[in-house]
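This is what each chain is made of:
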Amino acid sequence: MTYLITGAHGFIGTHLTRECLQAGIRVIAYDLVRPRWPEPGLEGAVVVEGDILEPTRLIETMQAHKVQVVIHLVAYGAGDVGREIGLVKAGDYNPLKGAEVNVLGALTVFEAADVLWDMVYVKDAAHAFFLAAQVKTPEHRIFNVTGHTARPKDMVEVVKRLVPGVHVEVVPGGEPVYPYGLPGKRADRELGFRPRYSLEEAAQDYLEDLRNRMKA
Ligand SMILES: NC(=O)c1ccc[n+]([C@@H]2O[C@H](COP(=O)([O-])OP(=O)(O)OC[C@H]3O[C@@H](n4cnc5c(N)ncnc54)[C@H](O)[C@@H]3O)[C@@H](O)[C@H]2O)c1
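So, here's what we can say about the structure.

So, how was this worked out
Residues numbered from 1 in each chain as written. Predicted model: local features only at pLDDT ≥ 70, side-chain atom pairs only at ≥ 80, totals over all residues. Helix = DSSP H or I, 4+ residues; strand = E, 2+ residues; numbered from the N terminus. Contact = placed C-beta atoms within 7 Å. Axes fitted to C-alpha atoms, helices over the stretch in contact; angles between N-to-C directions. Left-handed = near helix turned anticlockwise from the far one by under 90°. Nonpolar A, V, L, I, M, F, W, Y, C, P; charged D, E, K, R; others polar. Expected span 1.5 Å × (residues − 1). Bend = angle between axes of the 7 residues up to and from the residue. Buried ≥ 20, exposed ≤ 12 C-beta atoms within 10 Å, placed from the backbone. Pairing = 2+ DSSP bridges. Parallel < 35°, antiparallel > 145°, perpendicular 65-115°, else oblique.

Focus on the environment of Glu100
Move 1: Take Glu100: it is sitting in helix H4 (residues 95-112).
Move 2: Placed 24 residues apart in sequence, Glu100 and Tyr76 show a C-alpha to C-alpha distance of 8.9 Å.
Move 3: For Glu100, the contacting residues outside a window of four places in its chain are Leu53 and Gly105.

Focus: the packing of helix H2 (residues 55-64) against H4
Move 1: Axis separation between H2 and H4 bottoms out at 9 Å; the angle between their running directions is 35°. You can see that H2 and H4 cross each other, and the crossing is right-handed. Along its contact with H2, which presents Pro55, Leu58, Ile59 and Met62, the element H4 presents Thr108, Val109 and Ala112.
Move 2: Tallied by class, residues from the contact of H2 with H4 come to 6 nonpolar, 1 polar and no charged.

Some thoughts on H4
Move 1: The first and last C-alpha atoms of H4 sit 24 Å apart over 18 residues, in line with the 26 Å expected at 1.5 Å per residue.
Move 2: In the structure, H4 departs most strongly from a straight axis at Gly105, where the bend amounts to approximately 30°.
Move 3: Among all positions in H4, only Val101, Gly105, Thr108, Val109 and Ala112 are buried.
Move 4: Looking at the packing, one finds that the buried side of H4 touches strand E1 (2-6), H2 and strand E4 (69-72).

Thoughts on unusual backbone geometry
Across residues other than glycine, the phi torsion is negative in most instances, and most of the peptide bonds are trans.
Move 1: One non-glycine residue, Lys66, lies in the positive phi region at around 50°.
Move 2: Note on placement: Lys66 falls in the loop between H2 and E4.

Describing the sheet that holds strand E2 (residues 26-31)
Move 1: Spatially, E3-E2-E1-E4 is the arrangement adopted by the 4 strands of the open sheet, whose pairing is parallel. Of all the strands in the sheet, the pair left with one neighbour each is strand E3 (46-49) and E4. Averaged over all pairs of adjacent strands, the angle between their axes in this sheet comes to 20°, without regard to strand direction.
Move 2: Here E1 pairs with E2 via 5 bridges, running parallel. Each bridged residue has a counterpart across the sheet, and for Thr6 the counterpart in E2 is Tyr30.

Brief notes about the packing of helix H6 (residues 152-162) against helix H8 (residues 199-215)
Move 1: Closest axis-to-axis distance for the H6/H8 pair is 10 Å, and the angle between their directions is 55°. Put simply, H6 runs oblique to H8. Two packed elements cross with a definite hand, and for H6 against H8 that hand is right-handed. Across the interface between the two elements, Asp154, Met155, Val158, Val159 and Leu162 of H6 pack against Leu199, Glu200, Ala203, Gln204 and Leu207 of H8.

Structure follows, in C-alpha cells:
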C-alpha cells in the first residue's frame, strides 16, 4: 500500500509517517517544507516538497506514486510547525490565508484524491421524474435520485474500452462535482426508482446517441 500524507512533517504527521513506515506502508510525505532535522525512523519516506494549493503537483504526485490512500493533515495556524517555520507568527493570524489553506486546500486535496462521484445517467434521471409524476399521493415530496458511485478514472476506463485508441485524461479544474453518499432509499421505496443503466451501459448508450446525431 502507498499512502500520501499531507503535512507529513508536522507534529502529528511525523508520528503518523513513522507508524505507517513501521507497518510496511510506503509513505509519500507531501509538505511545504522539508523535515527540519533528521527524525529517526522517517528515512524511508519519499519526500515531496509541495503546496496543497497546487492541484497539478498533487495529482501528478498521486499518479506517479500510485497512491491508494490520502491522509490530510495540513493546517494553517493550528500546530507547532506552522509557527516554527513562520507560516503563522504569534498574533499574526491571517484569517483569509487560513480559509485558503484549511478550506480551499482541503477541497483541492479531496478532489485530487479522486473523490467518488455519484453518476446518474440522463435517461435514469428523466425516468425518475416520470415515476414521480405517476405517484398520486406521495408520502414525501423531495427525493434524491442516485446512480452509481464511481471515480473519474473509472469513467475514463469505460470510455477507453468502448472507444479503442481514444485519448482521455483527467485534469484538474472544471465544474464542481456532486459528492456521493446521498441516501437514495426513499426514491426506491416510494417511486420504485433504481438506475436502469450501469456505468458501461450508460456510456455505450450515450455514444450511440452521439453517433446517431452525427449521422443525422
Ligand atoms: N497538534 C494538535 O494538538 C492537534 C489537535 C487536534 C487537531 N489537530 C489537527 O491535526 C492536523 C495536524 O496538526 P499538526 O499539529 O500536525 O499541525 P502542524 O502545524 O504541526 O503541521 C502542519 C504541516 O502542514 C504543512 N503545511 C502548511 N501549509 C501547507 C501547504 N499549503 N501545503 C503543504 N503543506 C503545508 C506545514 O509545513 C506543517 O508541516 C490539523 O488539522 C490540526 O488542526 C492537531
